[in-house]
Amino acid sequence: MSEDAHEVCVTLLVWQPVDADAPGEVVDGWPQVLQVHEGSGAWRAPSTGLRIGERVMEAAGRIAHAIGLTLPNSHRVLAVDQLSDTPDEAERLVIVVDGGWVTGADADVADGGASPCAHVYRHRRRWACVDDLADERTLSVALAAAVAKLPPFVIG
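Report follows, based on the coordinates.

For the protein chain, the count of helices and strands is 2 helices and 8 strands. For the protein chain, the succession of helices and strands along the chain, N to C, is β-β-β-α-β-β-β-β-α-β. Residue burial in the protein chain is summarised as follows: out of 156 residues, 40% are buried. Counting contacts in the protein chain only where the partners sit at least 6 residues apart, residues at least 24 apart contribute 64% of the total. As presented, the protein chain carries roughly 8,700 Å² of accessible surface, and 51% of it is formed by carbon and sulfur atoms.

What follows is the structure, given as structure tokens:
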């Protein structure tokens, strides 16, 4: 990639606690994380590129809308990571935003089922266990910050 090729990626972390009455409790296991599948790509946390002049929370709102959810009132950045460029991808700054934890109807995601959004292309959604995130260091750090309620940043 060229030296001037950079991208800012906003990722939305949405999680489902093991116990909805004690969402921060991990004794019985870590929460599951929402992943989406679009077209022929791999399963991943919902994300989008930050548009020129767009605020991070506006991008997070676009993601939430696209997958049929609403952002929580507390706007938190849970993790930030800079990924080096590779021959196939530009250097990226990844900003993980708290999409909140869900239960009930919002958590009812059939494995691989389509999201309830109104877009022409419907995202497929599934819940992934923390073991599936082993290669996604930034998302693992973000999940720990979300569960512990210790975000490194707060956006007003």
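Now that the structure has been shown, we can carry on.
The subject of this paragraph is the nonpolar core. One finds Val10, Leu12, Val14, Ala60 and Val97 to be the most contacted residues of the largest nonpolar core, which totals 20 residues. Elements represented by at least two residues in this core include exactly strand S1 (6–16), strand S2 (32–37), helix H1 (56–66) and strand S5 (91–101). Among the elements that line this core, the one with the most residues is H1, at 6 residues. Of all hydrophobic cores here, the second largest spans 16 residues; its members include Val33, Ala79, Val96 and Leu143.

Next up on the list: the environment of Ala66. Along the chain, Ala66 falls in helix H1. In this structure, the C-alpha to C-alpha distance between Ala66 and Pro46, residues 20 residues apart in sequence, is 9.1 Å.

Moving on, we get to the pattern of salt bridges. Inspection of the entire model under this criterion finds 3 salt bridges. Between Arg62 and Glu54 there is a salt bridge whose closest N-O contact spans 2.8 Å. With a relative accessible area of 25%, Arg62 lands in the partly exposed category. Exposure remark for Glu54: the relative accessible area of 14% places this residue in the buried category. A salt bridge links Arg76 to Asp98; the nearest nitrogen and oxygen atoms lie 2.5 Å apart. Of this pair, Arg76 sits in strand S4 (residues 76–83) while Asp98 sits in strand S5, and the two are 22 residues apart along the sequence. For Asp98, a relative accessible area of 6% puts it in the buried group.

Glancing now at H1. Three- or four-residue spacings in an α-helix give side chains the same orientation, since the helix completes a turn every 3.6 residues. Of the residues making up H1, those classed as buried are Val56, Met57, Ala59, Ala60, Ile63, Ala64 and Ala66. Directly after H1, the chain includes Gly68, whose backbone phi takes a positive value near 80°.

On to the layout of surface pockets, then. Each pocket or cavity is described by its volume, and for the largest pocket that value is around 480 Å³. Lining the largest pocket are 19 residues, and of these Thr11, Leu83, Arg92, Val94 and Glu136 sit closest to its centre. Those elements that provide at least two residues to the lining of the largest pocket are S1, strand S3 (47–49), S4, S5 and helix H2 (137–148). In terms of residue class, the lining of the largest pocket is made up of 6 nonpolar, 5 polar and 8 charged.

Another aspect to go through is the packing of aromatic side chains. Per the stated rule, a full pass over the model turns up 1 aromatic pair. Each ring, one from Trp15 and one from Trp101, has its centre 6.3 Å from the other, and the planes form 40°; the classification is tilted. Here Trp101 lies in strand S5 and Trp15 lies in strand S1, a separation of 86 residues in the sequence. On the basis of relative accessibility, which here comes to 2%, the residue Trp15 falls in the buried class. Classification of Trp101 by relative accessible area gives partly exposed; the value is 32%.

Analysis parameters
- Residues numbered from 1 in each chain as written.
- Predicted model: local features only at pLDDT ≥ 70, side-chain atom pairs only at ≥ 80, totals over all residues.
- Heavy atoms only, no water.
- Helix = DSSP H or I, 4+ residues; strand = E, 2+ residues; numbered from the N terminus.
- Buried < 20%, exposed > 50% of the residue type's maximum accessible area, 1.4 Å probe, protein only.
- Contact = heavy atoms within 4.5 Å.
- Areas by Shrake-Rupley, 256 points an atom, 1.4 Å probe, with all protein chains shown as cover.
- Core = buried A, V, L, I, M, F, W, Y, C linked by side-chain atoms within 4.5 Å.
- Salt bridge = Lys/Arg side-chain N within 4 Å of Asp/Glu carboxyl O.
- 1 Å grid on protein atoms, 1.4 Å probe; cavity = no way out; pocket = protein on both sides within 12 Å on 5 of 7 lines; lining within 4 Å.
- Points joined across faces, edges and corners; volume = space filled by probe spheres on them.
- Nonpolar A, V, L, I, M, F, W, Y, C, P; charged D, E, K, R; others polar.
- Phe/Tyr/Trp six-rings, centres within 6.5 Å; stacked < 30°, edge-to-face > 60°.

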